[in-house]
Amino acid sequence: MPAQDLKLEQFKDYPPEARKLAANYLATLQRLPLAFLPSLLRELIEYDFKFPAERRALEKELANLSALSPAETEIWLHGFAQIRLSAALGQMDWINAPAQFVEQLSAHLWSTHQLDAFRAAALDYAARLRLAVPPEAPPMPRLGITIVGQGAGQDTAAAPSHLFRKLRPHGVYFSNVKPDNGAKLLLASVSARATAQPAAFAHWYVDGGQAIEHDPAITSVSYHALEPARAALSSKMRAEIERPGMGPEALRTLLARLRPADLRLNSADDTVLSHFQVKLLTEGSGTQVFSTTFAQWTAREVLRRAQPLTLLVRFAPRQRQRPMNELLYGNRERADLDAEGSLVDADFGAYYNWINQQRLPGDEKSSFVVWFEDHREAVAIGPALPRGTQSSDAVDLSQLLSWTS
């Protein structure tokens, strides 16, 4: 069906807020090329479950497309209009299943040697959109905090010599940090920022193990709290894998259709957060079985989607690597934890957290702190701190945070 034949009643199965948005911009949607439109609908159909930053971005994109004249629309989307689609793609239910359409479109572009043309069209559109709708500056400088090494190095007071090797050139390496109540002090700083700049999903605490007590104003996700959801997902995956003829594509489709109730998540309290947790477990590779992977992927998705003002990530020991079937079928209660290997994971994870934070608007004013839990080593990065330096002065984490701004 061509886009110009779109009718409002075809969006009846969309969630309520998404349906309203579709009604407001129906005329705009009708004049978009089919090679482009389902990608937009993939975002629109999830509108009710998106974070505020994502909603604002989609609203601004739709408003910008609506404001374009027919001639400007043709210029902006010319590359997409030139893409040749198969009859099978045109017959798909791209209105109600836009994500599946986009997957099939990718395969079609590859097989018809149009992938480069599509990529060029997408890059051109993204560049135009950035100029027309520049990203918003955050209302306060961002702060990222990562705690690594829980349970590691208990037999020695010194950190491994390679620890924070990737981050040290960008800030100050502190070798004499007072570790007393360190995690609580860092969480208190997140709470203070949440009080100073209250907003939904603006201040986060992600824990790869069991979360410690924290301010309810902070949005929190933890590996331990999602144990029932992880167990339910593993059970569903095992049942599907054991079915004759089951392949990775079918399993992926099944995972994409799961909803909070399917994984024993109560969405009544916070629909947006429960849907986010489902995606963490169904779209992340290894988030169901490795706590360090869970913490890293969650941090990435929080930064990419929620664009928080504050993000504290605390890594915890993961179970040792074993064959995937054994991990899916194994007894978690008897998992053999690898604290030293998890420290290596978390060290790289901290570096990726900083990189992903720097991709957000306001990166030139943002700060970042990583601390080796229960030890004296930390790195602080901020606009007021010299790069590639080190300090052996005694300092507590509250002082260290005060220097980052």
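Scope of this entry: the structure provided in the associated data block. (Residues numbered from 1 in each chain as written. Predicted model: local features only at pLDDT ≥ 70, side-chain atom pairs only at ≥ 80, totals over all residues. Heavy atoms only, no water.)

## Considerations on the nonpolar core
We count it as follows: Residues belong to one nonpolar core when they are buried, are Ala, Val, Leu, Ile, Met, Phe, Trp, Tyr or Cys, and are joined through side-chain atoms within 4.5 Å. To sort residues, take the accessible area from a 1.4 Å probe on protein chains only and compare it with the maximum for the residue type: under 20% means buried, over 50% means exposed, and anything in between is partly exposed. Residue contacts follow a heavy-atom distance rule, with two residues in contact if any of their heavy atoms lie within 4.5 Å.
With 49 residues, the main nonpolar core has Val148, Phe164, Leu167, Trp204, Leu263, Leu311 and Val370 as its most contacted residues. If we skip the residues at most four places from it in the chain, Val148 touches Phe164, Phe315, Leu343, Ala346, Asp347, Ala350, Val370, Trp371, Phe372 and Glu373. Residues Ile45, Phe80, Ile95 and Tyr125 belong to the second largest nonpolar core, which totals 38 residues.

## Examining the side chain of Arg305
To keep it simple, the criterion reads: Starting at the N terminus, helices and strands are each numbered in turn, a helix being any DSSP run of H or I of at least four residues and a strand any DSSP run of E of at least two. Two N or O atoms form a polar contact when they lie within 3.5 Å of each other; inside protein one atom must be a possible hydrogen donor and the other a possible acceptor, and for residues adjacent in sequence the pair counts only when both atoms belong to side chains.
Tracing the sequence through the fold places Arg305 in helix H14 (residues 291–306). In terms of polar contacts, Arg305 uses its side chain to reach the side chain of Glu54, at 2.8 Å. Discounting residues that sit within four places of it in the chain, Arg305 has contacts with Phe49, Lys50, Phe51, Ala53, Glu54, Phe276 and Lys279.

## Description of the pattern of salt bridges
Spelled out, the test is: Throughout this description, the term salt bridge denotes a Lys or Arg side-chain nitrogen within 4 Å of a carboxyl oxygen of Asp or Glu.
Using the criterion set out here, one finds 17 salt bridges in the structure. Among the ionic pairs, Arg305 bridges to Glu54, the shortest N-O distance being 2.8 Å. Taken together, the residues span a long stretch of sequence, with Arg305 in helix H14 and Glu54 in helix H4 (residues 52–67) at a distance of 251 residues. For the pair Arg305 and Glu54, a shared accessibility class is recorded, and that class is buried. The partner of Arg230 in a salt bridge is Glu227, and the shortest N-O contact between them spans 2.7 Å. Taken together, the residues span about one helical turn, with Arg230 and Glu227 both in helix H11 (residues 227–241) at a distance of three residues. With a relative accessible area of 28%, Glu227 lands in the partly exposed category. A single salt-bridge network, built from bridges that share partners, covers Arg42, Glu43, Lys50, Glu54 and Arg305.

## Side note on the sheet that holds strand S9 (residues 367–372)
Strand pairs in the sheet, formed through backbone hydrogen bonds, run parallel or antiparallel to each other. Counted only if it meets this: Here, strands pair whenever DSSP counts at least two bridges between them. Every axis in this analysis is a line fitted to C-alpha atoms, fitted for helices over the stretch in contact. Angles between the N-to-C directions lie between 0 and 180 degrees.
The strand order across the open sheet built from eight strands is S5-S4-S6-S1-S9-S10-S2-S11, with neighbouring strands paired in mixed fashion. Of all strands in the sheet, those with a lone pairing partner are strand S5 (219–222) and strand S11 (389–391), marking the two edges. Adjacent strand axes in the sheet meet at a mean angle of 15° when their direction is disregarded. Judged from the six bridges that link them, strand S1 (residues 143–148) and S9 form a sheet pairing that is parallel. Bridge pairing in S9 places Gly144 opposite Phe368.

## Description of unusual backbone geometry
In the Ramachandran plot, Gln307 falls in the positive-phi region, its phi being about 50° despite a non-glycine side chain. On the secondary structure map, Gln307 appears in the loop between H14 and strand S6 (310–314). Taking relative accessible area as the criterion, Gln307 reaches 30% and is therefore assigned partly exposed. Of note, Asp374 is a non-glycine position whose phi angle comes to about 65°, a positive value.

## A short note on the packing of helix H13 (residues 271–283) against H14
Definition in use: Angle categories are assigned with fixed cut-offs, so that under 35 degrees is roughly parallel, over 145 is roughly antiparallel, 65 to 115 is roughly perpendicular, and the rest are oblique. Handedness of a helix crossing follows the sense of rotation of the near helix relative to the far helix, less than a right angle counterclockwise being left-handed and clockwise being right-handed. Ten residue types, Ala, Val, Leu, Ile, Met, Phe, Trp, Tyr, Cys and Pro, are classed as nonpolar, four, Asp, Glu, Lys and Arg, as charged, and the remainder, Gly among them, as polar.
Running from amino to carboxyl end, H13 crosses H14 at an angle of 130°, the nearest separation of the two axes being 10 Å. It follows from the interaxial angle that H13 and H14 lie oblique. Judged by the sense of rotation from one axis to the other, the crossing of H13 with H14 is right-handed. When H13 is examined against H14, the residues Phe276, Lys279, Leu280, Leu281 and Glu283 are found in contact with a partner set consisting of Phe294, Trp297, Thr298, Glu301, Val302 and Arg305. Split into classes, the residues belonging to the contact of H13 with H14 amount to six nonpolar, one polar and four charged.

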